[in-house]
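Per-entry structural report
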Amino acid sequence: MFVEVVEPGLATTVQDLGRTGAYNVGIPPSGALDQRSARIANLLVGNPESAALLEAPYLAPKLTFDGPAVVAVTGATAQVLVNGEERPSWTALRVGEGDVLSLGFVTAGARVYIAIAGGIDVPAVLGSRSTYGLGGLGGHEGRTLVAGDRLPVGAPTGEHVPRELAERHRPQWSREVELRVVLGLYDYRLTDESRHLLLESDWKLTPVADRTGFRYQGPQLAFIEREQPFGAGSDPSNIVDAGYPIGSIQVPSGSEPIVLHRDAVSGGGYAQVGTVISVDLDLVGQCAPGTVTRLVPVSLDDALKARAQAREGLDEIRALLAG
Amino acid sequence: MGESRYSWGADEHLVVQIDEEMNLAANFKAMAISSALAGRGLDGIWDICPANASLLIRFDPDRLEPEVLERTVREIEAEVGQESSPSIKTRLIEVPVWYDDPYTREVGAKFRDRHQRPEGTDLEYAMAELGLASVDEFVERHSASPWIVSMVGFVAGLPFMFQMVPQERQIELPKYLRPRTETPRLTVGHGGCFACIYSVKGAGGYQMFGLTPLPIYDPAQGHEVFSESMVLFRPGDIVKFRAVEEAEFRELEAAVDRGESVYRIVDVEFELRSFLADPDAYNSDLLGALDVR
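No experiment lies behind these values; they were computed from the predicted model shown.

**A closer look at helix H5 (residues 135-143) of chain B**
All names here are of chain B. Where H5 is concerned, the buried positions are Phe138, Val139, His142 and Ser143. With its buried residues spanning 110 degrees around the axis, H5 presents them on a single face. Every exposed residue of H5 that faces more than 90 degrees away from the buried side is listed here: Asp136 and Glu140.

In structure tokens form, the structure reads like this:
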């Protein structure tokens, strides 16, 4: 079975949960930015959670199917249409041969996920089907989709069961968010006043918000003046080039902090002052430009608790959607 | 080198800052801890990324408790610190470079408004900064001594290289004031004390000095040199640049396209203490390995 791309959308890519083991040579994890929505989309159509699906920011693709299929749309809020008729999101939908699935503009959140029973069956590269565009690797020919692409769909693993995610489990996307952050890394390089500003300011997401990173506008921050260490570069925000954690926050020259996401550059010469906890990276992936963001400091322990709590929430959904 | 600083990159990363300044001892330590940690085969480690003077570990806290990871890495660091003659088995790789080529010059000319020196080329800027009179002098300064790959990353397969000469002889240059949005693939660049080779076309802030004809990243793994990995360089590799003219650049470019064996790579052992004791003598010995192949 194939799904054909009639219109590609803005920057649609094939993603799964990402790859490991190659960040040491600059190949980032990639994978769905909002992992929870991607997992739920797969659960709805009876796929393993790690199956490959489509991630589409802001404007989703228009797709047709050359055979009957079961699909589900999750993530950002957008009107779902099959042959022009409105259908529910967060719900398994049957489509037939020649049917057209299209979506309206995203009205809340930023990225929709489209899962198809059987999963997008592109070859796995370094253990994952995720697209890493900068390296031209994985996904469909290592790139964002274009009109006319035909994507192979695997054989569904189970019978189709009508599944729908209960309303109370569906996220509510807001234009004002709080991100929990574990401070550290090179935060000792900030002045005390700037550490305070980092946590007490509203940070507005700029249009530079893609799979590599999310850039924010807000007050100017200052790093402590010093004689720069050998090899670090001349700006006080420079360090000797080092590895960048996924979710880490860097502040080049003290202005416009960047939160790196799953297609991160793996390292570089800017001091990072903290890291968004893994659970909240899903939320970052659903922030559209203009979103007002607060950074809330938490401990590693809090981050682990949030992680456990998110897993319990997902376990509940797994149980509800099982079968 | 004081005590290393351990810090959490939220719940999935541990960062070990070995030194604030770049030096070979810190880089060696990062590599040694990395390989020892990999050797432990701990369940739950996703990525071990040695960097210039630090180390980044990505892990799954559901399978590996953060305290256990930190304790293990601290143990390993203590063991590594006691080694009396640190050495690595590595490779010496020759990288042909067409210095002062027209492609990087053209791109450089497009972005003069982001450069310290609006007139001239990046190479002319470097000559002025380093007090060198000719391109030949620059080429000699850049290519006579080897460089060690101190980190691979930024983008897929991009090597950061640290010049294996005493600090006062290392090339140190600022990066562009604001990064370019364009850099030709396989540009040989320089920023701070590091050389790099841009593995893919893209943004970049390093000074541009030339081009190598030999790919260093190939996700399709077409050439035999990529049969084991789509990335040529590994941390610890030693690089020797060799100046080539346009004619040889074109020949090599065509030959590598035909799949011919044009990469010159030999296995070597690098011993840190002997190197630090007499870098020039050590280098000349080391580079002999390329001649006797």
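**Considerations on the side chain of Thr183 of chain B**
Residues and elements named next belong to chain B. Within the secondary structure layout, Thr183 lies in the loop between strand E7 (159-163) and strand E8 (187-191). Within polar-contact distance, the side chain of Thr183 engages the side chain of Arg180 at 3.1 Å. Excluding residues within four positions of it along the chain, Thr183 makes contact with Tyr198, Lys201, Gly202, Ala203, Gly204 and Met208.

**Describing the interface of chain B and chain A**
Across the boundary between the two partners, chain B contributes 50 residues, which contact 46 residues of chain A. Ranking the residues of chain B by area buried against chain A places Asp11, Glu20 and Phe154 of chain B at the top, with a combined share of 15%. Counting the contacts that link chain B with chain A gives six salt bridges. Measuring nitrogen to oxygen at the nearest pair gives 2.4 Å for the salt bridge that ties Glu20 of chain B to Arg226 of chain A. One can count 22 residue pairs in polar contact (both at pLDDT 80 or more) joining chain B with chain A. Only strand E1 (5-8), strand E2 (13-17), strand E3 (45-50), strand E4 (54-59), strand E6 (147-152) and E7 of chain B provide two or more residues apiece to the side of chain B that touches chain A. Of the residues forming the side of chain B that touches chain A, the biggest block, five residues, is contributed by E3 of chain B. Of the residues contributing to the side of chain B that touches chain A, the split by class is 29 nonpolar, 10 polar and 11 charged.

**Comments concerning the domain arrangement of chain B**
Residues and elements named next belong to chain B. If you check the domain split of chain B, you get domain 1 (5-83) and domain 2 (89-291). Each of domain 1 and domain 2 has a C-alpha centre, and these two points are 28 Å apart. Across the contact, 11 residues belong to domain 1 and 15 residues belong to domain 2. Buried area between domain 1 and domain 2, both sides added, is near 1100 Å², and the carbon and sulfur share of it is 74%. Remark: the boundary between domain 1 and domain 2 carries two residue pairs in polar contact (both at pLDDT 80 or more). When residues in the side of domain 1 that touches domain 2 are grouped by element, the largest group, five residues, is from helix H1 (residues 24-40).

**Describing the sheet that holds strand E20 (residues 292-297) of chain A**
Residue and element names in this part refer to chain A. Overall, mixed pairing links the seven strands, which are arranged E12-E19-E16-E17-E14-E13-E20 in a closed barrel. Neighbour-to-neighbour, the strand axes of the sheet open up by a mean angle of 40 degrees, direction not taken into account. As paired elements, strand E14 (residues 213-217) and strand E17 (residues 258-260) share three bridges and run antiparallel to each other. Bridge pairing in E17 links Gly213 to Leu260. Against the sheet, helix H3 (residues 278-285) makes contact with strand E12 (176-183), E14, E17 and strand E19 (272-276), and its axis sits at roughly 145 degrees relative to E12, the strand it touches most.

**Re the UniProt feature "domain: Carboxyltransferase" (unreviewed entry) in chain A**
In this structure's numbering, the residues bearing the UniProt feature "domain: Carboxyltransferase" (unreviewed entry) are residues 24-314 of chain A. Taken end to end, residues 24-314 of chain A has its terminal C-alpha atoms 30 Å apart, with 14% of it in helix and 31% in strand.

**Let's talk about the packing of helix H1 (residues 35-44) of chain A against helix H4 (residues 300-321) of chain A**
All names here are of chain A. Between H1 and H4, whose axes approach to 10 Å, the crossing angle comes to 15 degrees. Judged by the angle between their axes, H1 and H4 are roughly parallel. Judged by the twist between their axes, the crossing of H1 over H4 is right-handed. Across the interface between the two elements, Arg36, Arg39, Ile40, Leu43 and Leu44 of H1 pack against Leu314, Ile317, Arg318 and Leu321 of H4. Split by residue class, the contact of H1 with H4 holds six nonpolar, no polar and three charged.

**A look at unusual backbone geometry**
One non-glycine residue, Leu126 of chain A, adopts positive backbone phi at about 50 degrees. Here Leu126 of chain A lies in the loop between strand E10 (108-116) and strand E11 (150-152).

**A short note on the sheet that holds E10 of chain A**
Residue and element names in this part refer to chain A. Read from one edge to the other, the open sheet built from five strands follows the order E2-E3-E10-E5-E8, with strand pairing classed as antiparallel. With partners counted over all chains shown, the strands left at the sheet margins are strand E2 (13-15) and strand E8 (93-95), one partner each. Ignoring strand direction, the axes of neighbouring strands in this sheet form an average angle of 35 degrees. In terms of strand pairing, E2 meets strand E3 (residues 53-57) through three bridges, oriented antiparallel. Bridge pairing in E3 links Gln15 to Leu53. Against the sheet, H1 makes contact with E3, strand E5 (69-77) and E10, and its axis sits at roughly 155 degrees relative to E5, the strand it touches most.

Here is what the cut-offs are and how they apply
Residues numbered from 1 in each chain as written. Chains lettered and ligands numbered in written order. Predicted model: local features only at pLDDT ≥ 70, side-chain atom pairs only at ≥ 80, totals over all residues. Heavy atoms only, no water. Buried < 20%, exposed > 50% of the residue type's maximum accessible area, 1.4 Å probe, protein only. Helix = DSSP H or I, 4+ residues; strand = E, 2+ residues; numbered from the N terminus. Arc of directions from axis to C-beta. Polar contact = N/O pair within 3.5 Å; in protein donor to acceptor, adjacent residues only side chain to side chain. Contact = heavy atoms within 4.5 Å. Buried area = accessible area lost by both parts, 1.4 Å probe. Salt bridge = Lys/Arg side-chain N within 4 Å of Asp/Glu carboxyl O. Nonpolar A, V, L, I, M, F, W, Y, C, P; charged D, E, K, R; others polar. Domains from an automatic or database assignment. Pairing = 2+ DSSP bridges. Axes fitted to C-alpha atoms, helices over the stretch in contact; angles between N-to-C directions. UniProt positions renumbered as here; feature names shortened; annotations may be inferred. Parallel < 35°, antiparallel > 145°, perpendicular 65-115°, else oblique. Left-handed = near helix turned anticlockwise from the far one by under 90°.

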